[in-house]
Amino acid sequence: MSDPPAAHAPIARVRDEIAKAVVGQDGVVTGLIAALLVRGHVLLEGVPGTAKTLLVKSVAGALDLAHARVQFTPDLMPSDVTGQTVYLQETAEFEFRQGPVFTNLLLADEINRTPPKTQAALLEAMEERQVTVEGAARRLPDPFGVVATQNPIEYEGTYPLPEAQLDRFLFKLTVGYPDVAQERDVVTRHHHGMDPHDLDALGLEAVATAEDLLAARRAVDGIEVEERVIGYLVDLVRATRESPSVVLGVSPRGATMLLRAAKAWAFLAGRTFVTPDEVKAVALPTLRHRLQLRPEVELEGGTSDGVLRGLLDSVAVPR
């Protein structure tokens, strides 16, 4: 396998470079990078004004990846995302014009504001890395990832993502407010003329390439996982299905994604093997959106994170 420390260095530089533009979101930045390492997609949940768009642009800029942003609205059509075939009068021929999904990193902004028909336009792209238009399958670039955002407090005029689509996101990451010192830093930067839309002015440069990312992916694929760690991971997933607080537990796809996420986390820590600590570290962002709680639990203020923390405390950890 590739030597993880050698492949790790360019990715470590990416995290440092993003800090030039983004303040106070280290966990989210690490999550985005981890998702790219295992071909995963990310759902970002946070109130407006917490730098979600800047996060995506900064990750793409530091990795020298192409990126596109689509503002999801109630009138957005599937072809606005995937592309469409148009008739050219001058040549009397049909031509396919690519939609914004043909990029390396797609920001689906406020994905829950568009109807299910358009949300579903991303399903094939996310799962199979291709789109089918007029019966013809067209491959997407590699690497390819979707980062979708949604507002957790405004539900009027929104269309909740169906379970089948939620299950295709590797992580659901919460983008919170910065602490006091970080927020002062943000305001001071703006006072001195910071423009979050101008990455060049922020001094952010491409410090790695798509080839570096692909090399890191190969290293992650080679991360070792002992049977006892796999057993712990499976026990944790199965416990979600047996919890009295849960109607719908984690699927087998969720179990495999938890494994991939743990391997990426181990790689980012500079290790060549997965421990139970990596499984614990990624359990909440990987599993929280795959649980459906009983209505009475939600009425009492229960949350997926609360249920998962209880299971992490109760499921035996291998020694």
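Heads up: the structure comes first, above all this text.
Before going into details, it helps to say that this report is about the structure given with it.

Analysis parameters
- Residues numbered from 1 in each chain as written.
- Predicted model: local features only at pLDDT ≥ 70, side-chain atom pairs only at ≥ 80, totals over all residues.
- Heavy atoms only, no water.
- Salt bridge = Lys/Arg side-chain N within 4 Å of Asp/Glu carboxyl O.
- Buried < 20%, exposed > 50% of the residue type's maximum accessible area, 1.4 Å probe, protein only.
- Helix = DSSP H or I, 4+ residues; strand = E, 2+ residues; numbered from the N terminus.
- Polar contact = N/O pair within 3.5 Å; in protein donor to acceptor, adjacent residues only side chain to side chain.
- Contact = heavy atoms within 4.5 Å.
- 1 Å grid on protein atoms, 1.4 Å probe; cavity = no way out; pocket = protein on both sides within 12 Å on 5 of 7 lines; lining within 4 Å.
- Points joined across faces, edges and corners; volume = space filled by probe spheres on them.
- Nonpolar A, V, L, I, M, F, W, Y, C, P; charged D, E, K, R; others polar.
- Core = buried A, V, L, I, M, F, W, Y, C linked by side-chain atoms within 4.5 Å.
- Arc of directions from axis to C-beta.
- Phe/Tyr/Trp six-rings, centres within 6.5 Å; stacked < 30°, edge-to-face > 60°.
- Lys NZ or Arg CZ within 6 Å of the ring centre and 35° of its normal.
- Axes fitted to C-alpha atoms, helices over the stretch in contact; angles between N-to-C directions.
- Parallel < 35°, antiparallel > 145°, perpendicular 65-115°, else oblique.
- Left-handed = near helix turned anticlockwise from the far one by under 90°.
- Pairing = 2+ DSSP bridges.

### Some thoughts on the pattern of salt bridges
One side chain can pair with another of opposite charge once the charged atoms of both are near each other.
And step 1. Across all of its chains, the model carries 14 salt bridges by this definition.
And step 2. Across the pair E226 and R228 runs a salt bridge whose closest N-O atoms are separated by 2.6 Å.
And step 3. On the accessibility criterion, E226 (45% relative accessible area) is partly exposed.
And step 4. The residue E278 makes a salt bridge to R271 at a minimum N-O spacing of 2.1 Å.
And step 5. On the basis of relative accessibility, which here comes to 3%, the residue E278 falls in the buried class.
And step 6. For R271, a relative accessible area of 30% corresponds to the partly exposed category.

### Regarding the side chain of N104
And step 1. Tracing the chain through its elements places N104 in the loop between β4 (93-98) and β5 (105-109).
And step 2. A residue is classified by how much of its surface remains accessible, and N104, at 13% relative accessible area, is buried.
And step 3. Here A66 takes part through its backbone nitrogen, which lies 3.0 Å from a polar atom of the side chain of N104.
And step 4. Residue contacts for N104: discarding those within four places in its chain leaves L65, A66, P141, D142, P143, F144 and G145.

### Observations concerning the side chain of R290
And step 1. Within the secondary structure layout, R290 lies in the loop between α12 (276-287) and β11 (292-293).
And step 2. At 3.2 Å, the side chain of R290 forms a polar contact with the backbone oxygen of L170.

### Some points on the layout of surface pockets
And step 1. Taken as a whole, the largest pocket encloses approximately 660 Å³ of empty space.
And step 2. For the largest pocket, the lining is made up of 23 residues, of which E45, Q150, L166, K172 and E298 are closest to its centre.
And step 3. Of all the secondary-structure elements, those providing two or more residues to the lining of the largest pocket are β1 (42-45), α7 (163-166), β11 and α14 (304-314).
And step 4. In terms of residue class, the lining of the largest pocket is made up of eight nonpolar, nine polar and six charged.

### Here we look at the nonpolar core
And step 1. Grouped together as the largest cluster of nonpolar side chains are 74 residues, with contacts concentrated most on L37, F171, F267 and V279.
And step 2. Looking at this core element by element, the count peaks at nine residues for helix α11 (residues 252-268).
And step 3. Apart from residues lying up to four places away in sequence, L37 is in contact with L213, A216, R217, V220, A264, F267 and L268.
And step 4. Core analysis: the second largest hydrophobic core is formed by 24 residues, A68, V81, L122 and A125 among them.

### Observations concerning helix α6 (residues 121-128)
And step 1. For α6, the full list of buried residues reads A121, L122, A125 and M126. Taken down its axis, α6 places every buried residue within 105 degrees of arc, on the same side.
And step 2. A positive backbone phi angle near 55 degrees is found at R129, which sits one or two residues after α6.

### Brief notes about the packing of aromatic side chains
And step 1. A full pass over the atoms with the stated rule returns two aromatic pairs.
And step 2. A ring pair is formed by F96 and F102, whose centres lie 5.9 Å apart and whose planes are at 70 degrees; its orientation type is edge-to-face. For the pair shown, F96 and F102 are each scored as buried.
And step 3. The ring of F96 has R138 lying over it, and the distance from NZ or CZ to the ring centre is 4.0 Å.

### A short note on empty space enclosed by the protein
And step 1. Summed over all chains, the structure comprises one cavity of 30 Å³ or more.
And step 2. Quantified by volume, the largest cavity comes out at close to 60 Å³.
And step 3. Looking at the largest cavity, the residues that line it are L32, A35, L36, G40, H41, V42, V56, V59, L105, G145, V146 and V147.
And step 4. Of all elements in the fold, only α2 (26-37), α3 (52-62) and β8 (145-150) reach the threshold of two or more residues within the lining of the largest cavity.
And step 5. Residues belonging to the lining of the largest cavity are distributed by class as follows: nine nonpolar, three polar and no charged.

### Observations concerning the packing of helix α10 (residues 227-242) against α14
And step 1. Between α10 and α14, the shortest axis-to-axis distance is 10 Å and the interhelical angle comes to 135 degrees. Comparing their axes, α14 and α10 come out oblique. As α10 runs across α14, the sense of the crossing is right-handed. In this structure, α10 contributes Y232, L236, A239 and T240 to the contact, and α14 contributes L308, L311 and L312.
And step 2. Here the residues of the contact of α10 with α14 sort into six nonpolar, one polar and no charged.

### Looking at the sheet that holds β8
And step 1. Strands sit in the order β2-β5-β8-β1-β9 across an open sheet of five strands; the sheet is parallel. Strands with a single pairing partner mark the edges of an open sheet, and in this sheet they are β2 (67-71) and β9 (171-174). Along the sheet, successive strands turn relative to each other by an average axial angle of 20 degrees, direction set aside.
And step 2. Looking at chain direction, β1 and β9 are connected through four bridges and run parallel. Across the sheet, V42 pairs through a bridge with F171, a residue of β9.
And step 3. Packing of α3 onto the sheet brings it into contact with β1, β2, β5 and β8, and relative to β5 it is tilted by some 175 degrees.

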